[in-house]
Amino acid sequence: MEIQKKIDKDKPLVPTGELTTCEATQKMIAKGRLEGVETAFDRAVNMKACPIGAESACCKHCFMGPCRLNAKDPYSKVGVCGATIDTIMARNFARMIAAGGAAHTDHGMSMLDLFREVVNGKIKDYAIKDIQKLETVAQSIGIATEGRSVKEIATDLYEQLESTYTAVDGEIPFAKRVPPKTLETWRKNGVVPRGAMREIMEIMHRSHMGVDQDYTNITRQCSRTALADGWGGSMVATEISDILFGTPSPVSIEVNMGVLKEDQVNIIIHGHEPNLFESMIESVNAPTLIEAAKAAGARGINLAGMCCSGAEVLVRHGIPHAGNFMSTEAILITGAVDAMAVDVQCIKQGLVKVAECYGTHLITTNPRCRIEGAVHVEFNDHDPKKCTDEIVIKAISRFKNRKAKVEIPRNINVGVHGFSHEYINYMLGGTFRGSYTPLNDNIINGRIRGVAGVVGCTNPRVKQDWVHVELVKELIQNDVLVLQTGCAQIALAKAGLTTPEAAHLAGPGLKEVCETVGMPPVLGIGSCVDNSRILIAAAEMVKTGGLGDSIADLPVAGCAPEYMSEKAICIGQYFVASGVYTVFGVTFPIVEGTKFHKHLFAELETMGFGKWGFAVDPHDIARLMIAHIDKKRKALGLDKARERILMDMSDRRSIDAA
Ligand code: SF4
Ligand code: MSK
């Protein structure tokens, strides 16, 4: 085994229990340290965040700079060009949104390219799996379905949805799904998106040196670009993936590193786009490849997902999920992973070194994402199994020649995930009267206090999973129903909170609802592009009635307590622009007390949008979210004031023991 020799054995290391609450990850960090293998956890300790960059008080948009302002005294200086702290921070924020939105919309466009080629018959390895969903999506944007063939409907749908990306003028197709009063706010403020390409191009232009230097005007384009992601690129990705691969409904899945099997060929898929994984499922089930694995001495081929690739397929096929973002290096330290195939987004370059140490094949598959030192086997939708078969063959050869010591943590947890908007509708109302009325009724009668979206990544700057779990425990104990996407839901699944049995941890009202319906108090609904499902659910709550006229009226709040990516900033901004109070943890890339900060954290709400919030401690985050939910309940005339239940130590112990 090639050792990285990066770990300085004489330097005291942070105890693993302070880095993560995930036991399996703790064990693997410790094993890695003994074997001289470094992970992002140790790098984060050694790489202190730059305090000026952390608050976005620097600019390198031209070569008269780079310019650094003083975050402690933000109005004491301006850049060489005269740019103020507000301009600099707003431009940096805009570019984060451009990058995050580009990632989601490019993913969505890839799904739409695939859909087009399936519809016109040029791709035969995939087919339209959910015709009912095809019809519903088509109807939602005014496409006639009655008496028309699947091909006719799908062709029209493709043509309309293409404008989500390419329209140079007008409004994106899914603007038709936005509640009228929310749409009115967008129109009044000039933020209804045109095609994503136009919005991303404009935001890059505006944030160039010497263009937009009014932070309120830059924020307007931030909202427009982010909405082109949430109600555009991401929503198309979700809807087309459902049409092609099936709309999720709840399945019981196993999570955590214990899903690896020592006597089998282990293959991990990590990234975001579902097509690679869908083809891999076929490859690992091919009799010839199973035979080849057996001939190599394995009992079979074991496929698991990580990060959002894992979240996509666990909700459609019940494929086990081996861990979230911060566990991707750690799992390689088990020595049991024979191949890790990746596509796009959230793939740490550090994986290459760790994979090398354990002889694991790290395989890139997407032309957008090659990594120096990784093997590239290109995935092509026209012949997908050529790539996935080759990955399996490489994994089998590594199994046959395994040299690394294998140590698989025994940790396995079970969760029930896959609560698509469609399933929530059915679950609450039944086949013949599927609707959100029972949800709204239970919010109105106070059994459910409100709804929270707790989403996003894990980040080595905070203890992995801890903030997610503590926050969600407190929310459900206060009768707040929690919806989850991305890596967040894996943190909660590992803590056992995504099963119907976890209802006993909820407050009395939410518990009663969960027990009646048989649902968990924490609903895992998909990957990070599937935050669009939360937008659809919010729109449906408004449409159902009794909770106000716009998304901004709803007793809901959002949070990404351990976020790390620019995509998360873009998601946050599209929730804020849609009317949702959205709290971020870890750090916030803006200097507090500045005009731009006040604009994002207060003024946007007075304009009819939501607003941003920030806190690091999970209980502070819960306090902010619950206070906001209560404020909205009060405005709707729903409430006598209710007390927020604070967990004392004995409560926490009883939850931990559960
Ligand atoms: Fe400095 Fe202005 Fe150039 Fe930014 S745009 S680097 S603030 S001179
Ligand atoms: S994978 S963006 S770490 S949720 Fe979507 Fe997880 Fe965040 Fe990546």
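All residue numbers here refer to positions counted from 1 along the written sequence of the relevant chain. Here every chain gets a letter starting at A, and every ligand a number starting at 1, in the order they are written. Given that this is a predicted model, residues contribute local features only at a pLDDT of at least 70 and side-chain atom pairs are listed and counted only at 80 or more, while totals for whole chains, interfaces and linings are drawn from all residues. Only hydrogens and water are set aside when side-chain values are computed; all heavy atoms of the structure are taken into account.

Moving on, we get to the pairing of strand β13 (residues 522-526). Counting buried residues along β13, five of its five residues qualify, which places the element largely inside the surrounding structure. Bridge count for strand β12 (residues 480-485) against β13 is four bridges, and the pairing is parallel. Following the sheet pairing, Thr 485 is matched in β13 by Gly 526. Only protein chains enter the accessibility calculation, which uses a 1.4 Å probe; a residue whose area is less than 20% of its type maximum is buried, one above 50% is exposed, and one in between is partly exposed. Here a helix means four or more residues in a row that DSSP labels H or I, a strand means two or more in a row labelled E, and each is numbered from the N terminus. In this analysis, strands are considered paired if DSSP registers two or more bridges between them.

What counts as a domain boundary in this text is fixed by an automatic or database domain assignment. Domain annotation for the chain reports domain 1 (74-245), domain 2 (257-400) and domain 3 (417-657). Just the C-alpha atoms count here: the centres of domain 1 and domain 2 sit 30 Å apart. What makes two residues a contact is simply this: any of their non-hydrogen atoms within 4.5 Å. Listed as interface residues are 17 residues of domain 1 and, on the opposing side, 16 residues of domain 2. Throughout, buried area stands for the accessible area (probe radius 1.4 Å) lost by two parts on being put together, summed over both. Between domain 1 and domain 2, roughly 1,300 Å² of surface is buried when both sides are summed, and carbon and sulfur atoms account for 48% of that area. Salt bridge, as used here: a side-chain nitrogen of Lys or Arg that lies within 4 Å of a carboxyl oxygen of Asp or Glu. One salt bridge connects Asp 106 with Arg 368, and the closest N-O pair in it is separated by 2.6 Å. Counting of polar contacts relies on pairs of N or O atoms within 3.5 Å, with two restrictions inside protein: one atom must be capable of donating a hydrogen and the other of accepting it, and residues adjacent in sequence are counted only when both atoms are side-chain atoms. Taken together, domain 1 and domain 2 are joined by eight residue pairs in polar contact (both at pLDDT 80 or more). Elements with a contribution of two residues or more to the side of domain 1 that touches domain 2: α5 (85-119) and α10 (215-245). Sorting elements by how many residues they give to the side of domain 1 that touches domain 2 places α5 first, with eight residues.

Take the side chain of Asn 189 next. Among the secondary structure elements, Asn 189 is positioned in helix α8 (residues 180-189). In contact with Asn 189, not counting residues within four places along its chain, are Arg 220, Met 607 and Phe 609.

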